[in-house]
Amino acid sequence: MKNILKIMGVVFLLTSCEKVVELDYKGNQSRIVIEGNISNQPGPYIVKIRKSVALTQTGAYPTVDNAVVIISDNAGHADTLIAQGNGTYLTRKLQGMEGRTYTLAITAENQSYAAQSTMPERVPFDGIKVEEVIFGGETEFNIIPEYVDPAQKGNNYRFELSANDKLMNQHFVQNDEVKNGLKNTARLELSDDEDLKLKRGDVITLKMQCVDAKVALYYKTLALIGDSGPGGGITPNNPPGNISNGALGVFSAHTSETKSITIP
């Protein structure tokens, strides 16, 4: 029944008045993949640069280790990131702040790439509500992030969920398109995977991010096409990112707050 409801939800989303996202599956050639984040938490912040592989290929994703990576903000600060190897680059001094717009500039393999993301004002993460339900004779648990959406429209939220320190390979995105300015009562749509079923005594950790609209669209698309989530590596699909010059991936400036609870 959950799967049926999920499928109906996807059909509704794709037939509603929302912008239709056309996915390009001509991705058999290698493309650069950029994943960058900056938050209101203390740095350093990470940018990862790798290359996609054809859907028929297996093995590790090639990394790009000789790039020039710079993050700047609209307050006049700039930081040239330090290469750590394995396609990872770290900031040195930049501190993320709410309300600022951040620009990522990368030069790699004789190509230039750029992205912008504005860090929203933080919406306080008040806690986690666990709701017990009986479905088909089995006990299940709904996870509801508790926060009060501001009166101003256009807020978007992304969540990362861990159970007993194991990150669930799913993307969760919520917004205020339907219920603006109200306390959230919407649960996270958990996978039906038997290995991920929650039980009493599990320690749930939930990270809440306030993200901008382009970042939210990227992760919402990933959720709809069923990728492997934040712990699952590079998706072979091609969701609408915010990075120029045909690069895959996303650059996200967001607030971040984490809460934990034990399922009673």
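Note that the coordinates shown come from a computational prediction; the quantities given were computed from them, not determined experimentally.

**Some details on the overall build of the chain**
Logical step 1: Looking only at helices and strands, the chain has 2 helices and 15 strands in total.
Logical step 2: Out of the 264 residues belonging to the chain, those deemed buried represent 40%.
Logical step 3: Restricting to contacts in the chain with at least 6 residues of sequence separation, those with at least 24 account for 64%.

**Some points on the packing of aromatic side chains**
Logical step 1: Considering all chains together, one arrives at 3 aromatic pairs under this definition.
Logical step 2: Ring geometry for Y147 against Y157: centres 4.4 Å apart, planes inclined by 45 degrees, an arrangement best described as tilted. Taken together, the positions of Y147 in the loop between β10 (138-146) and β11 (156-163) and Y157 in strand β11 put the pair 10 residues apart, joining distant regions of the chain. Y157 matches Y147 in its accessibility class, with the two residues each being buried.
Logical step 3: Consider the rings of Y218 and Y219, whose centres lie 5.1 Å apart with planes at 85 degrees: the pair is edge-to-face. This pair shows no difference in class: Y218 is buried, exactly as Y219 is.
Logical step 4: The rings of Y147, Y157 and F159 are connected pair by pair, giving a single aromatic cluster.
Logical step 5: For R158, the ring lying beneath its charged end belongs to Y219, and the centroid distance is 3.8 Å.

Thresholds applied
Residues numbered from 1 in each chain as written. Predicted model: local features only at pLDDT ≥ 70, side-chain atom pairs only at ≥ 80, totals over all residues. Heavy atoms only, no water. Helix = DSSP H or I, 4+ residues; strand = E, 2+ residues; numbered from the N terminus. Buried < 20%, exposed > 50% of the residue type's maximum accessible area, 1.4 Å probe, protein only. Contact = heavy atoms within 4.5 Å. Phe/Tyr/Trp six-rings, centres within 6.5 Å; stacked < 30°, edge-to-face > 60°. Lys NZ or Arg CZ within 6 Å of the ring centre and 35° of its normal.

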